[in-house]
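These are the residues of each chain, in order.
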There are 2 protein chains.
Amino acid sequence: MELVWDLPEPAGRSGGPTLSRERIVRAALEIADADGTAAVTMRRVATALGSSTPMSLYRYVGGKDGIHDLMLDAVYAEIDLPAEPSGDWRADLTLLARNGRRALRRHRWFAALSHHRPTFGPNALRHNEWALRALDGHGLDPATAMSIVGMVFGYAVSYAQGEAEESRMRDSIGVRTDAELRDSAREYVDRIVADPRYPLLSRWITEAAPVDPDAQFALGLDCLLDGIAGRVLADAG
Amino acid sequence: MELVWDLPEPAGRSGGPTLSRERIVRAALEIADADGTAAVTMRRVATALGSSTPMSLYRYVGGKDGIHDLMLDAVYAEIDLPAEPSGDWRADLTLLARNGRRALRRHRWFAALSHHRPTFGPNALRHNEWALRALDGHGLDPATAMSIVGMVFGYAVSYAQGEAEESRMRDSIGVRTDAELRDSAREYVDRIVADPRYPLLSRWITEAAPVDPDAQFALGLDCLLDGIAGRVLADAG
DNA sequence: AAGCCATCGTGTACGTTGTACACGCCATGT
DNA sequence: ACATGGCGTGTACAACGTACACGATGGCTT
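The numbering scheme is per chain: residues are counted from 1 as the chain's sequence reads. The lettering of chains begins at A and the numbering of ligands begins at 1, in the order of writing. Only residues with pLDDT of at least 70 are given local features in this predicted model, and only at 80 or more are side-chain atom pairs given and counted; all residues enter the totals for whole chains, interfaces and linings. Note that water and hydrogens are dropped before the side-chain values are worked out from all heavy atoms of the structure.

Draft legend 1. Examining the packing of aromatic side chains more closely. Residue and element names in this part refer to chain A. Here a Phe, Tyr or Trp ring, Trp counted by its six-membered ring, pairs with any other such ring whose centre lies within 6.5 Å, and the pair is stacked when the planes are under 30 degrees apart, edge-to-face when over 60, and tilted otherwise. For the structure on display, the rule yields 10 aromatic pairs over all chains. Where Tyr 76 meets Phe 110, the ring centres are 5.7 Å apart and the plane angle is 75 degrees; that geometry is what we call edge-to-face. Highlighted residues: Tyr 76 in helix α4 (residues 64-78) and Phe 110 in helix α6 (residues 110-114), separated in sequence by 34 residues. Burial classes: relative accessible area under 20% of the type maximum marks a residue as buried, over 50% as exposed, and values in between as partly exposed (1.4 Å probe, protein chains only). You can call Phe 110 buried: its relative accessible area is 2%. Taken together, the ring pairs connect Tyr 76, Phe 110 and Phe 153 into an aromatic cluster. Geometrically, a charge over a ring is one whose NZ (Lys) or CZ (Arg) sits within 6 Å of the ring centre while staying within 35 degrees of the ring normal. In this arrangement the basic side chain of Arg 101 is found over the ring face of Phe 217, its NZ or CZ atom lying 4.8 Å from the centre. Per the convention used, a helix needs a DSSP run of H or I reaching at least four residues, while a strand needs a run of E reaching at least two, with both numbered from the N terminus.

Draft legend 2. Just the pattern of salt bridges, in detail. When a carboxyl oxygen of Asp or Glu is within 4 Å of a side-chain nitrogen of Lys or Arg, the pair counts as a salt bridge. In the structure shown here, the tally under the stated rule is 32 salt bridges over all chains. For the salt bridge of Arg 90 of chain B with Asp 222 of chain B, the shortest nitrogen-to-oxygen distance reads 3.4 Å. With a gap of 132 residues between them, Arg 90 of chain B in helix α5 (residues 89-106) and Asp 222 of chain B in helix α12 (residues 213-231) connect regions that are remote in the sequence. A residue is classified by how much of its surface remains accessible, and Asp 222 of chain B, at 23% relative accessible area, is partly exposed. Across the pair Glu 163 of chain B and Arg 101 of chain B runs a salt bridge, and its minimum N-O distance is 2.9 Å. Residue Glu 163 of chain B is found in helix α8 (residues 142-173), and its partner Arg 101 of chain B is found in helix α5; the two are separated by 62 residues along the sequence. Both residues of the pair, Glu 163 of chain B and Arg 101 of chain B, count as buried. A network of salt bridges, in which partner residues are shared, links Arg 90, Asp 222 and Asp 226 of chain A together with Arg 231 of chain B.

Draft legend 3. Up close: the relation of the copies chain B and chain A. Superposition of the copies was done by least squares, using only C-alpha atoms of residues whose pLDDT is at least 70 in both. The two copies are related by a screw operation: chain B maps onto chain A through 180 degrees of rotation and 0.0 Å of translation along the axis, at an RMSD of 0.0 Å. Between the two chains, the operation in question is that of a two-fold axis. Should any heavy atoms of two residues lie within 4.5 Å, those residues are counted as being in contact. The residues that chain B uses at the interface reappear at the interface of chain A in 100% of cases, marking a shared surface.

Draft legend 4. Local environment of the side chain of Ser 147 of chain B. Structurally, the position occupied by Ser 147 of chain B is in helix α8. A distance of 2.9 Å separates the side chain of Ser 147 of chain B from the side chain of Gln 216 of chain A, its partner in a polar contact. In the analysis that follows, any N or O atom pair within 3.5 Å is treated as a polar contact, provided that within protein one partner can donate a hydrogen and the other can accept it, and provided that, for residues neighboring in sequence, both atoms belong to side chains.

Draft legend 5. Looking closely at the interface of chain B and chain A. Across the boundary between the two partners, chain B contributes 57 residues, which contact 57 residues of chain A. Here the quantity called buried area is the total loss of accessible area, with a 1.4 Å probe, experienced by two parts when brought into contact, counted for both. Here chain B packs against chain A, burying approximately 5000 Å² in sum over the two surfaces, 65% of which is carbon and sulfur. Area buried by chain B at its contact with chain A is led by His 115, Leu 200 and Arg 231 of chain B, which between them contribute 13% of it. Taken together, chain B and chain A are joined by 6 salt bridges. Its salt-bridge partner being Arg 191 of chain A, residue Asp 6 of chain B comes within 2.7 Å of it at the nearest N-O pair. Taken together, the connections running from chain B to chain A amount to 11 residue pairs in polar contact (both at pLDDT 80 or more).

Draft legend 6. Molecular detail of the domain arrangement of chain A. Residues and elements named next belong to chain A. For chain A, the assigned domains read domain 1 (4-75) and domain 2 (82-174 + 207-236). The interface of domain 1 with domain 2 comprises 12 residues on the first partner and 17 residues on the second. A combined buried area of about 1300 Å² lies between domain 1 and domain 2, and 65% of that area is made up of carbon and sulfur atoms. It is Leu 72, Asp 73 and Val 75 that lose the most area in domain 1 upon contact with domain 2, and together they represent 46% of the buried surface on that side. At the boundary of domain 1 and domain 2, one finds 2 salt bridges. For the salt bridge of Asp 69 with Arg 117, the shortest nitrogen-to-oxygen distance reads 2.9 Å. Inspection of the domain 1/domain 2 interface yields 6 residue pairs in polar contact (both at pLDDT 80 or more). It is α4 that provides the largest number of residues to the side of domain 1 that touches domain 2, a total of 7 residues. Residues belonging to the side of domain 1 that touches domain 2 are distributed by class as follows: 6 nonpolar, 2 polar and 4 charged. Where a domain begins and ends is set by an automatic assignment or by a domain database. When residues are grouped by polarity, Ala, Val, Leu, Ile, Met, Phe, Trp, Tyr, Cys and Pro land in nonpolar, Asp, Glu, Lys and Arg in charged, and all others, Gly among them, in polar.

Structure (structure tokens):
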């Protein structure tokens, strides 16, 4: 497994808008946000940067996987967190999850990419260090603390991924309202509703009361933190 | 978005081991389990089935995405659940999560694939219907029930994905013991441990006490269910 | 029992992808 | 001013997904 973080970053030429890792990853982010990860090809990134050949990029990022690593780490960089946790672990982890979700909503491809590559970038490390710091001082052994961090961030990723899938379905058809979405998906959905084996799923589909996604996210997060507070951090408040 | 479930399944010729969706997806599963999703190419699946050309498959699965859909649904089919939930929602969701994780450990590519395609297969539907049934009768509105199901299964997927990543790293180098793993990753890891910005991460790396993954999984799940019990299902037991 | 036809398996071919390799060119240090 | 190390480039190739048109072969009709 070859990681970008092992390669030295080339210097770039002085004068003029030459290449750099930052310019490359910025272009890749724009393409992925607009057209999905599949659209992030070496050639397209290169031409977006005014380079006539994909090979220019290889000096900077080593290959396609390198671009992916940098993209993932750029998302971690967008999760803004105060310099130091507040000392209230619950408030801190809530902030982490909320801002994490916000960043992941901007970059709907995050979950899919993150499962192809390990995340060892500097911003991911900083992110995890901050989270561990929020939990420090309660006598948890490191493995347990890390496990809690994983659960909370995993929840944020999972939730954001659900939202991303729905939103991607939505604008893959070019619809706006819920009614239009249901209309275009009628061919699949009708079969499910008509099938007597799925009464509760059908009820969920047909009775879909409009939910506030922010409130739902917060509720789920509170459930998770309640459980952690009661079962793992009971004696530490 | 073109789904496999819309295409009629061809009949196959009588006599002799001809093609079928089941044979195709079985071959794809074997390849993916052994060599990862990237190794699941049309040509390789075709030759694994004795077919001399990849084009044979198109009649059965419509294209690559169709194979992916079928693979995902096959994993759902492997999550064995009793015909009916027991009536104890907590025990039922625990069973769902535990057996889900077990299936996902056999197929480490599940999470990565599932984020590329929506899951509308019959086994996924059956799975979700069962989960909703486990929560039925407590007066939850459908959206909340679905959200709980998503949280619980999302936790299982997320946890299994973490395990999968570690295990994949492990056998991408061909190591067996934890010590060997740490040795081969020393180049990256040493830089992290040496960096003064990551004291708690370093502590986690160096002090990694051997944890029981089953216990850790169960603990996290219990946290989640505790919170759900207290905050959403408080009055229903 | 014989023939028709829908349907399945196949071969060929094309556009696109990631990337190995070798070559010019420029900025920089002496 | 000159040499040099590093950067941008062009060419090329293997492998991928899949469109299309063609033979073969089974099952149904008569």
